[in-house]
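What follows is each chain in one-letter form.
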Amino acid sequence: MTLLEEKTRRNEPARFALRDGRLRTGRYSLRVKPRTVAVCLALIVLTAVLVVLCVGTGTYELSPLEVLRTFAGNGPAGAGFIVLDLRLPRALVAVLVGFASGMAGAVFQSLTRNPLGSPDIIGFGNGASAGALVAIIILNAGAPQTALGALLGGFATAAAVYLLAWRRGVHGYRLILVGLGVSAVLGSATGFLYIRADIGKAAQAASWMFGSLNDRGWHEVWIAALGLLVCVPFVLLHGRRLTMLEMGDDTAGALGVPPERSRLLLLCAGTGLTAMAVAAAGPIPFLAMAAPQLARRITRAPGPNVLPAAWTGALLVTAADLLTQRVTGSALMPVGVVTGVGGGLFLAWLLLRERKAQHV
Amino acid sequence: MLTGTRLPPGETAAPPAAGRSRPPRLAGLLLGVLLLVVAALLSLAVGAERIPLGDVWSGLFAPSGSRFDNIVRELRLPRTLIGIAIGAALGLAGGVMQVLTRNPLADPGLLGVNAGASAAVVTAISVFGITSFTGYLWFALVGAAVAAVAVHALGGTRSATPVRLALAGTAVNAALFGYVNGLQLRDVSTLDSMRYWAVGTLEKRDPQLLLTALPLLVAGTLLAFALARPLGALALGEDHARALGSSVRRTRILSVTAITLLCGSATAVCGPIGFIGLMIPHAVRAFTGPDPRWMLPYCTLFAPGLLLVADVIGRIVVAPSEIQADLVTSFLGGLLFIHLVRRRKVAQL
């Protein structure tokens with residue numbers, strides 16, 4: 001959304017002007033698209049509204065006003081525990097995980113120059129949950145080690161897919177297809193580990209098979225927040241490189257952006273975001289694919305659209321969570337099921353559009 | 001099409017050999033029968049309990065009521081027979097699919113057909129409360145047909161590339177398996193009966209199901225064999241096929257019918273078992289070449305061996321519990337898939 005440029009000081013009085021999409025204050029200039037800013041703000045507001053609604057949903061219903069008063073410390077008796085210890089962390093995890101996944105999806109789709117090149121299709125989600133299962137079942141890990149297992153699993157899978165797909169550079173479709181194969185192999189490994197788990201760990205392991213927001217507490221919030229804190233500034237700072245890479249390797253190289261190295265760094269950042277999201281909430285399918293596509297259609301802006309994609313992801317997960325709770329009447333259905341079905345349909349729609357475009 | 005013929009600049013094509021020497025095909029059929037018998041014996045003898053072959057023989061033909069005889073007759077014999085029938089169906093369906101779509105990456109599991117059958121059966125159980133096997137079968141057939149048509153349409157009927165079909169299959173699989181998992185998780189009381197519909201297995205399958213499905217399996221097999229010649233013509237391209245006098249549209253419709261009959265019945269009996277239809281045609285093509293008139297019978301003959309071996313592996317790796325056959329075939333098939341993608345012989349990679 002923004003490019004930060006440093007301009008040399010000119011003999012002009014300092015001005016704060018908004019014109020032609022450029023915010024200028026004498027020394028610094030920020031390129032701004034009003035539509036994108038408006039869309040981001042709208043997404044943030046919508047997400048906040050949905051968070052409030054989510055927190056109010058459950059066996060003990062609270063109206064939005066009561067929820068807000070509980071946040072302020074002035075709510076009905078007994079609501080404080082439910083809101084602040086049970087439901088708020090769950091809603092925050094939803095927002096943070098959606099944010100991370102959306103951003104990771106935008107980065108991957110921009111790098112593979114293909115709307116279908118998202119980390120969940122390429123198998124990183126399966127890799128992270130396989131890593132988490134290894135930690136739980138084989139290493140008897142507690143919560144923080146499981147998160148670490150998810151992280152390592154995600155990175156290992158990403159490295160494996162990247163290396164397997166490498167042939168004088170990694171190009172779009174090969175990455176996707178190799179990712180599909182790796183997904184199948186990892187899916188069977190995950191199923192195998194799940195069977196080996198004894199009853200006590202099976203429940204814990206089950207929550208890593210589908211993305212779920214059940215029993216997500218403040219611990220998971222800190223995991224997700226940590227991941228975001230490390231990876232998001234990295235991605236935003238290198239946003240310019242991402243835009244340049246979209247123009248092609250040769251053009252990017254001529255403009256001073258080393259293509260393979262930048263691609264590798266951004267892939268690492270994207271994998272880090274995905275892995276932290278899986279460590280916090282398990283693999284939520286198709287989020288990283290759908291969020292950037294929807295964001296692009298809403299903002300109609302060229303380029304990777306990293307921040308709108310991130311906020312769209314946050315909105316989607318929160319909406320899916322609210323939908324799951326309202327429709328199934330309980331908080332127990334994993335949100336990954338809803339996004340799996342919805343995402344599959346969305347992917348089908350994308351393919352249909354692409355096919356129609358080819359026939360024009 | 002099936003093989004890439006582009007060469008990097010600077011290399012010239014080697015002159016074609018006078019005729020590729022292949023082992024005689026009839027001998028291959030005998031080898032297939034032999035391998036099938038070996039696999040069946042393995043399936044009868046090996047498991048949580050190792051039963052010596054002599055006891056297997058007496059258990060089959062001269063039962064005397066001993067424990068081994070009971071295991072062989074009651075548990076392993078039905079399981080082996082189901083494995084043979086289902087393996088043959090899946091291998092044959094995979095062969096037809098690969099010839100029809102001209103896509104070496106095609107497989108009923110990858111392209112969503114098994115998922116369609118599964119989702120339909122799960123719907124029948126939990127939404128409509130159907131409990132008869134025949135009911136399952138009809139639902140599975142409808143589900144398989146709908147999924148096959150959907151993936152075919154999404155992948156682009158005329159302009160389908162291997163990648164687009166694979167992605168269309170991914171989309172349909174994700175949506176349908178998500179739905180299956182969702183129904184299972186919602187209705188925990190029926191979880192046990194529905195456990196089989198997300199991952200296919202030969203474990204504890206009722207032989208009655210197989211008997212009910214057998215007419216459909218036989219019909220699908222005969223239809224596929226009858227289509228061998230038109231499919232061979234279609235593999236040359238639509239224009240050539242029409243010039244050779246076969247009706248493209250009819251061949252397509254009948255092939256999809258055959259695939260639906262085979263995969264729908266197989267999934268109704270055993271749950272979704274994938275990647276057999278991917279692996280077997282590739283292995284078999286090395287011997288028979290791409291001619292469907294030989295390839296399809298070979299697929300039918302060699303596929304059951306693979307499924308039985310996968311099942312045996314699943315039984316011995318974590319004895320006394322079991323890994324479902326689908327997990328083993330996914331593992332092996334996924335590795336083969338990656339290998340095929342890397343070989344660059346797939347068009348548009």
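Here, every reference points to the structure presented above.
In what follows, the accompanying structure is described. As the structure is a computational prediction, the values presented were derived from the model and not from experiment.

### Description of the overall build of chain A
Step number 1: The secondary structure content of chain A amounts to 15 helices and 4 strands.
Step number 2: Looking at the 360 residues of chain A, the share that counts as buried comes to 53%.
Step number 3: Partitioning the intrachain contacts of chain A with sequence separation of at least 6 by distance along the chain shows that 73% fall at a separation of at least 24.
Step number 4: Total accessible area computed for chain A in this model is approximately 16,300 Å², and 66% of it derives from carbon and sulfur atoms.

### Section: the interface of chain B and chain A
Step number 1: Each side of the interface is counted separately: chain B has 38 residues, and chain A has 39 residues.
Step number 2: Of the roughly 3,300 Å² buried between chain B and chain A on both sides combined, carbon and sulfur atoms contribute 75%.
Step number 3: On the chain B side of the contact with chain A, R164, L167 and R342 of chain B bury the most area, a combined 19% of that side's loss.
Step number 4: The interface formed by chain B and chain A holds 2 residue pairs in polar contact (both at pLDDT 80 or more) in total.
Step number 5: Elements with a minimum of two residues in the side of chain B that touches chain A: α5 (133-154), α6 (162-186) and α14 (325-342) of chain B.
Step number 6: Looking at the side of chain B that touches chain A element by element, the count peaks at 15 residues for α6 of chain B.
Step number 7: For the side of chain B that touches chain A, the residue count by class is 23 nonpolar, 10 polar and 5 charged.

### Concerning the packing of helix α5 (residues 124-138) of chain A against helix α6 (residues 143-165) of chain A
Any two packed helices are characterised by the angle at which their axes cross and by the distance between the axes.
Residue and element names in this part refer to chain A.
Step number 1: Where α5 contacts α6, the axes come no closer than 6 Å and their chain directions differ by 140°. Taken together, the axes of α5 and α6 are oblique relative to one another. As for the relative orientation of α5 and α6, their crossing is right-handed in sense. In contact with F124, G127, A128, G131, A132, A135 and I136 of α5, α6 contributes Q145, T146, G149, A150, G153, G154, T157, A158 and V161.

### Details of the pattern of salt bridges
Residue and element names in this part refer to chain B.
Step number 1: Per the stated rule, a full pass over the model turns up 10 salt bridges over all chains.
Step number 2: Note that R79 is salt-bridged to E322, the shortest N-O span being 2.8 Å. Remark: E322 occurs in the loop between α13 (292-317) and α14 and R79 occurs in helix α3 (residues 67-101); sequence separation between them is 243 residues.
Step number 3: A relative accessible area of 10% means that R79 is categorised as buried.
Step number 4: We classify E322 as partly exposed; its relative accessible area is 21%.

The rules behind each value
- Residues numbered from 1 in each chain as written.
- Chains lettered and ligands numbered in written order.
- Predicted model: local features only at pLDDT ≥ 70, side-chain atom pairs only at ≥ 80, totals over all residues.
- Heavy atoms only, no water.
- Helix = DSSP H or I, 4+ residues; strand = E, 2+ residues; numbered from the N terminus.
- Buried < 20%, exposed > 50% of the residue type's maximum accessible area, 1.4 Å probe, protein only.
- Contact = heavy atoms within 4.5 Å.
- Areas by Shrake-Rupley, 256 points an atom, 1.4 Å probe, with all protein chains shown as cover.
- Buried area = accessible area lost by both parts, 1.4 Å probe.
- Polar contact = N/O pair within 3.5 Å; in protein donor to acceptor, adjacent residues only side chain to side chain.
- Nonpolar A, V, L, I, M, F, W, Y, C, P; charged D, E, K, R; others polar.
- Axes fitted to C-alpha atoms, helices over the stretch in contact; angles between N-to-C directions.
- Parallel < 35°, antiparallel > 145°, perpendicular 65-115°, else oblique.
- Left-handed = near helix turned anticlockwise from the far one by under 90°.
- Salt bridge = Lys/Arg side-chain N within 4 Å of Asp/Glu carboxyl O.

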